[in-house]
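Structure assessment
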Amino acid sequence: SPSPAADEKVVVRIGVTQDADNLNPFIGYSVTAYQVYHMNYDLLVGYGTHGQPRPELAKSWTTSEDGLEWTFELQTGVTWQDGEPFTAADVAFTYNYILEEDLTALSPYIASVDKVVAIDDDTVKMYLSKPKPGMLRIWIPILPEHIWSKISGEDAAGSFQNSPPIVGTGPFQTVEVKKGEFIRMEA
């Protein structure tokens, strides 16, 4: 089929065979929820077609010889879907929020990560207590600090619904949900 014109909005309407149990990545666990999360939020490092790491928000990465420090160089010029700039502070916030608030839905993914520091707007460094072989396979959706910093860890783990429009950096934004019918996302 022909590509849309530059000024046309691309809308994806996912017919629901299973509802996303929750659009909050600290509560939801259904396959549908995880599919929506990854279309709405980018990961730091994604997966290629054969499971190999591929850049998403990180364009490159290095590790210390002992495996205890990881440095990620980030894509530049990325914005959140509300127009705010994406920076390393958002990555540091996301990881530290999970660690500090003990958000158990995602904390197992970052076991042995002690802290994450934004070195500058385009560089983030992770400090580990012991080497973690799966560092490039961490499934953590990067969240906008300017939105999630206003949500307590208790609410994030319990009652916060994360209603549309959901602000992320992913290729689609969740803009409407009708339980039992559809999830509407716009490019």
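Note that the coordinates shown come from a computational prediction; the quantities given were computed from them, not determined experimentally.

With that settled, the discussion passes to the pairing of strand β7 (residues 123-128). Taken across its 6 residues, β7 has 5 buried, putting it largely inside the fold. Here strand β5 (residues 69-74) runs beside β7; their pairing, made up of 5 bridges, is antiparallel. Bridge pairing in β7 links Trp70 to Met126. Judged from the 6 bridges that link them, strand β6 (residues 113-120) and β7 form a sheet pairing that is antiparallel. By the bridge assignment, Ala118 is partnered in β7 with Val124. Connecting the antiparallel pair β6 and β7 is a turn made up of 2 residues.

Between its first and last C-alpha, helix α2 (residues 88-100) extends 18 Å over 13 residues, near the 18 Å set by a 1.5 Å rise per residue. For α2, a buried count of 10 out of 13 residues is recorded, marking the element as mostly surrounded by other parts of the structure. For α2, the full list of buried residues reads Ala88, Asp90, Val91, Ala92, Phe93, Thr94, Tyr95, Asn96, Tyr97 and Ile98. Those residues of α2 that are buried lie in contact with β5, β6, β7, α3 (145-148) and α4 (153-157). Following α2 by one or two positions, Asp102 adopts a phi angle in the positive range, close to 50°.

All right, on to the pattern of salt bridges then. Where charged atoms from two side chains of opposite charge come close, those side chains can pair. Here the structure, examined in full by the defined rule, presents 4 salt bridges. Where Glu56 meets Arg54, a salt bridge forms, and the shortest distance between an N and an O atom there is 3.3 Å. Of the residues examined, Glu56 reaches a relative accessible area of 10% and is grouped as buried. Residue classification places Arg54 among the partly exposed residues on the basis of a relative accessible area of 34%. Between Arg184 and Glu186 there is a salt bridge, with the nearest N and O atoms lying 2.9 Å from each other. Taking the relative accessible area as the measure of exposure, Arg184 reaches 24% and is therefore partly exposed. For Glu186, a relative accessible area of 14% puts it in the buried group. One connected set of salt bridges, linked through shared partners, spans Glu176, Arg184 and Glu186.

Take the packing of aromatic side chains next. Overall, the coordinates contain 9 aromatic pairs when judged by the stated rule. Pairing Phe26 with Trp148 gives two aromatic rings, centres 5.4 Å apart and planes at 75°, and the pair type is edge-to-face. Placement of Phe26 in the loop between β1 (11-15) and α1 (31-40) and of Trp148 in helix α3 is noted, with a sequence separation of 122 residues between them. The buried category is assigned to Trp148, whose relative accessible area is 1%. A network of ring pairs unites the aromatic residues Phe26, Phe93, Tyr97, Trp148 and Phe160 as a single cluster.

A surface patch of negative charge is lined by Glu73, Asp120, Asp121 and Asp122. Mapping Asp121 onto the fold places it in the loop between β6 and β7.

Next up on the list: α1. Buried within α1 are the following residues: Thr32, Ala33, Val36, Tyr37 and Asn40. Around the axis of α1, the buried residues are gathered within 140° of arc, so they sit on the same side. If you follow the buried residues of α1, they end up packed against β8 (173-178) and β9 (182-186).

It is worth spelling out the sheet that holds β6 at this point. The strand order across the open sheet built from 4 strands is β4-β5-β7-β6, with neighbouring strands paired in antiparallel fashion. Both edges of this open sheet fall to β4 (58-63) and β6, since each of them pairs with a single strand only. Neighbour to neighbour, the strand axes of the sheet diverge by 20° on average, direction disregarded. On top of the sheet, α2 reaches β5, β6 and β7; it is set at about 165° to β6, its chief contact.

Reading the values: rules and limits
Residues numbered from 1 in each chain as written. Predicted model: local features only at pLDDT ≥ 70, side-chain atom pairs only at ≥ 80, totals over all residues. Heavy atoms only, no water. Buried < 20%, exposed > 50% of the residue type's maximum accessible area, 1.4 Å probe, protein only. Helix = DSSP H or I, 4+ residues; strand = E, 2+ residues; numbered from the N terminus. Pairing = 2+ DSSP bridges. Expected span 1.5 Å × (residues − 1). Contact = heavy atoms within 4.5 Å. Salt bridge = Lys/Arg side-chain N within 4 Å of Asp/Glu carboxyl O. Phe/Tyr/Trp six-rings, centres within 6.5 Å; stacked < 30°, edge-to-face > 60°. Patch = residues over 30% accessible without salt bridge, like charges linked within 9 Å, V, L, I, M, F, W, Y side chains within 5 Å. Areas by Shrake-Rupley, 256 points an atom, 1.4 Å probe, with all protein chains shown as cover. Lys, Arg positive; Asp, Glu negative; His and termini not counted. Charge placed at Lys NZ, Arg CZ, Asp CG, Glu CD. Arc of directions from axis to C-beta. Axes fitted to C-alpha atoms, helices over the stretch in contact; angles between N-to-C directions.

Honestly, it's all geometry; don't read function into it.
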